[in-house]
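Structural features, examined
Here are the chains, one letter per residue:
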Amino acid sequence: MAITLAPAALERVKGFLAADPSALGLRFGVRRTGCSGWGYAVDLARAEAPDDTVFEQDGVRIFVDADSLELVDGTEMDFQKQGLSEQFTFRNPKAAAECGCGESFTTDADKVA
């Protein structure tokens, strides 16, 4: 089990954490949304919940709640800049399909339901 940050994402997150020393790390998970069913949720972690799994990479702690973990386990987060646009991107082995914008996804379990 792991959530990993590509080098560009790692540097971006370190920048956010340096600007907000009260943050514990990065909170990563999913919520029901978007045209494909699940949307990624990324924010600074302000507290550790009892059901969190915490990964650490190069000094950055990544907090994932138990409900999200099975949907994002193995995901690599990256950060890309194209022109004036900047965004986190996700390579999620659990995603069976993604919407055109890449912000939401479905899993094989969603297709059966």
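Remember, predicted model here, so these are calculated numbers, not experimental data. (Residues numbered from 1 in each chain as written. Predicted model: local features only at pLDDT ≥ 70, side-chain atom pairs only at ≥ 80, totals over all residues. Heavy atoms only, no water.)

**A closer look at the pairing of strand 6 (residues 76-82)**
- Looking at chain direction, strand 1 (residues 4-5) and strand 6 are connected through two bridges and run parallel. Along strand 6, the bridge assignment pairs threonine 4 with glutamate 76.
- Across seven bridges, strand 6 lies against strand 7 (residues 85-91) in antiparallel orientation. Bridging across to strand 7, aspartate 78 finds its partner in threonine 89. (Pairing = 2+ DSSP bridges. Helix = DSSP H or I, 4+ residues; strand = E, 2+ residues; numbered from the N terminus.)

**Notes on the nonpolar core**
- Residues Leu5, Phe28, Ile62 and Val64 are the most contacted members of the largest nonpolar core, which totals 24 residues.
- Elements that contribute at least two residues to this core include exactly helix 1 (7-19), strand 2 (25-33), strand 3 (37-45), strand 5 (60-64), helix 2 (66-72) and strand 6.
- Ranked by residues supplied to this core, first place goes to helix 1 with four residues.
- Residues within four places of valine 64 in sequence aside, it is in contact with Ile3, Phe28, Asp51, Asp52, Thr53, Phe55, Leu69 and Val72. (Core = buried A, V, L, I, M, F, W, Y, C linked by side-chain atoms within 4.5 Å. Buried < 20%, exposed > 50% of the residue type's maximum accessible area, 1.4 Å probe, protein only. Contact = heavy atoms within 4.5 Å.)

**Details of the side chain of aspartate 73**
- The residue aspartate 73 is located in the loop between helix 2 and strand 6 in this model.
- Here aspartate 73 is buried and forms no salt bridge, its nearest opposite-charge partner lysine 94 lying at an N-O distance of 4.7 Å.
- Engagement of the side chain of aspartate 73 in a polar contact is seen with the backbone nitrogen of alanine 2, the distance being 3.0 Å.
- Discounting residues that sit within four places of it in the chain, aspartate 73 has contacts with Met1, Ala2, Ile3, Asn92, Pro93 and Lys94. (Lys, Arg positive; Asp, Glu negative; His and termini not counted. Salt bridge = Lys/Arg side-chain N within 4 Å of Asp/Glu carboxyl O. Polar contact = N/O pair within 3.5 Å; in protein donor to acceptor, adjacent residues only side chain to side chain.)

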